[in-house]
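# Results of the structural survey
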Amino acid sequence: MEDEIIYLDYAATTPVDPRVLEAMIPYFGEKFGNPSGIYAQARAGRQALDLARATVASALGARPSEIVFTSGGTESDNTAIKGAVWAGLDHGNHIVTTAIEHHAVLHTCEWLGRFGIETTYVPVDEMGLVSPAAVQAAIRPTTVLVSVMHANNEIGTVQPLAEISEIVHARGVLLHTDAVQTAGQLAMDVDALGIDLLSLSAHKFYGPKGAGALYVRRGVAWLPAQQGGSQERSRRAGTENVAGIVGLATALRLACEAMEPERIRLRHLRDRLIGGVLTAIPHSRLNGHPERRLPNNANFSFDGADGESLLLNLDVHGVAASSGSACTAGSIDPSHVLLALGLPPDLAANSVRLTLGHGTTPVAVERVIQVLSAVVSRLRSLPGYHQSPEVST
Ligand code: PLP
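Model, not experiment: these values are computed from the prediction.

### Description of the overall build of the protein chain
The helix and strand tally for the protein chain stands at 14 helices and 12 strands. Its C-alpha atoms give the protein chain a radius of gyration of 22 Å, within 12% of the compact-globule value 21 Å for 393 residues. For the protein chain, the C-alpha atoms occupy an extent of roughly 70 × 55 × 35 Å along the three principal directions. A buried classification covers 57% of the 393 residues belonging to the protein chain. Of the contacts made within the protein chain by residues no fewer than 6 positions apart, 75% connect residues no fewer than 24 positions apart. As displayed, the protein chain offers around 16,500 Å² of accessible surface, 56% of which is attributable to carbon and sulfur atoms. Side-chain charges of the protein chain comprise 30 positive and 39 negative groups, with the mean position of each set lying 6 Å from the other.

### Observations concerning the sheet that holds strand 6 (residues 174-178)
An order of 2-8-7-6-5-3-4 is seen for the seven strands of this open sheet, with the pairing classed as mixed. If you trace the sheet from one side to the other, it starts and ends with strand 2 (67-70) and strand 4 (118-122), each paired once. Put simply, the sheet's adjacent strands are angled 20° from each other on average, direction ignored. Its contacts with the sheet put helix 2 (residues 40-60) on strand 2, strand 7 (197-201) and strand 8 (212-216), and the angle it makes with strand 2 is roughly 115°. Against the sheet, helix 4 (residues 103-112) touches strand 3 (94-98), strand 4, strand 5 (143-147) and strand 6, its axis set at about 155° to strand 3.

### Thoughts on the site of the ligand
By nearness alone, 13 residues border the ligand, and Gly-73, Thr-74, Asp-178, Ser-201 and Lys-204 come closest of all. One of the side-chain N or O atoms of Lys-204 is found 2.6 Å from an oxygen atom in the ligand. Protein burial of the ligand: of its 400 Å² of free accessible surface, 90% is covered by the chains. Per-element tally for the shell around the ligand: the top contributor is helix 3 (residues 73-87), with three residues. Its residues placed into classes, the shell around the ligand shows two nonpolar, eight polar and three charged.

Each value, and the rule that gives it
Residues numbered from 1 in each chain as written. Predicted model: local features only at pLDDT ≥ 70, side-chain atom pairs only at ≥ 80, totals over all residues. Heavy atoms only, no water. Helix = DSSP H or I, 4+ residues; strand = E, 2+ residues; numbered from the N terminus. Rg over C-alpha atoms; globule rule 2.2 N^0.38 Å. Buried < 20%, exposed > 50% of the residue type's maximum accessible area, 1.4 Å probe, protein only. Contact = heavy atoms within 4.5 Å. Areas by Shrake-Rupley, 256 points an atom, 1.4 Å probe, with all protein chains shown as cover. Lys, Arg positive; Asp, Glu negative; His and termini not counted. Charge placed at Lys NZ, Arg CZ, Asp CG, Glu CD. Pairing = 2+ DSSP bridges. Axes fitted to C-alpha atoms, helices over the stretch in contact; angles between N-to-C directions. Near = heavy atom within 4 Å. Polar contact = N/O pair within 3.5 Å; in protein donor to acceptor, adjacent residues only side chain to side chain. Nonpolar A, V, L, I, M, F, W, Y, C, P; charged D, E, K, R; others polar.

Take a look at the structure:
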């Protein structure tokens with residue numbers, strides 16, 4: 001056990017499930033044909049795409065024609081937002097989103113600012129929840145799109161989407177959600193949640209990297225970002241990544257089949273991890289909502305232990321963790337999500353995200369509690385550590 005690597009960064013990415021890989025392999029070999037062709041190998045690819053589309057649609061409570069395959073979460077977020085804004089230009093130039101979105105959403109809105117699109121960033125409370133009333137207050141007569149993530153990738157807080165959707169639709173505005181962290185983990189129904197556009201990404205649920213999907217509700221005003229061939233009913237030009245799409249659909253089907261028992265198992269392990277860490281390590285805090293959080297997410301801040309040293313020391317002890325979203329790993333800036341919760345910048349920089357998955361065992365959780373506790377004590381024993389007044393006892 002001592003020498004085994006304990007991977008606790010499942011929110012960054014997951015390994016491809018061997019059953020998913022097996023389903024993908026024929027599309028690199030004997031079924032390699034371009035699905036736009038009219039011969040046998042092409043038909044095999046086209047049939048695989050049809051089946052994958054039906055599978056993804058059924059996982060979301062959608063129609064197959066409403067699914068557009070993409071290269072992942074970033075592309076889905078980009079095209080959802082840009083496509084809705086372009087289609088709504090006659091009506092308005094305003095987006096509402098939240099302060100804790102992934103950069104795939106935040107940087108897209110920021111970029112659109114160069115072309116006269118305005119964005120309001122709704123704040124969150126200290127647990128990372130978006131208030132439907134705050135969304136309501138941010139909507140203007142010129143608002144064309146509201147984008148609120150289903151659950152946050154750093155702190156795991158799950159948003160009240162159905163309530164937000166009622167407000168957004170009452171104002172005649174479209175609602176997009178980044179469901180990259182929830183697809184495959186939480187049951188999802190686009191009608192029950194009242195979603196018009198939804199992004200997901202295969203590598204977050206044991207599928208391959210570089211494969212994603214965008215749900216676009218029938219009748220919604222949305223324009224494609226990519227022009228060329230007529231693939232994906234002219235909504236996403238370019239030869240389809242058939243093997244990747246087969247992998248995405250297989251992974252989503254498997255995740256949905258095992259969802260309930262896996263959710264219960266992970267929640268139990270997560271709660272033990274949270275309880276164990278908060279008890280074993282004084283002056284530690286859990287970031288995010290205690291109940292409305294992803295079953296696999298734990299995010300902590302430790303007074304006097306900087307995030308980078310924490311991660312490096314955990315790595316030395318064979319624990320793979322992260323300080324926030326995969327895309328900001330390596331940067332030393334405190335996370336925009338933790339700052340939005342109101343954490344002071346130095347405490348926000350002293351944080352670690354542990355995300356659980358298929359390979360996480362009760363033994364691993366106990367080991368991580370021990371290792372983390374030892375690492376934090378060691379960092380606090382270094383010269384220069386003074387307990388900060390607000391958390392000292
Ligand atoms: N949105 C969220 C919430 C994410 O966590 C991520 C990845 O970390 C993305 C979008 C980007 O997805 P992808 O890596 O598939 O581009």
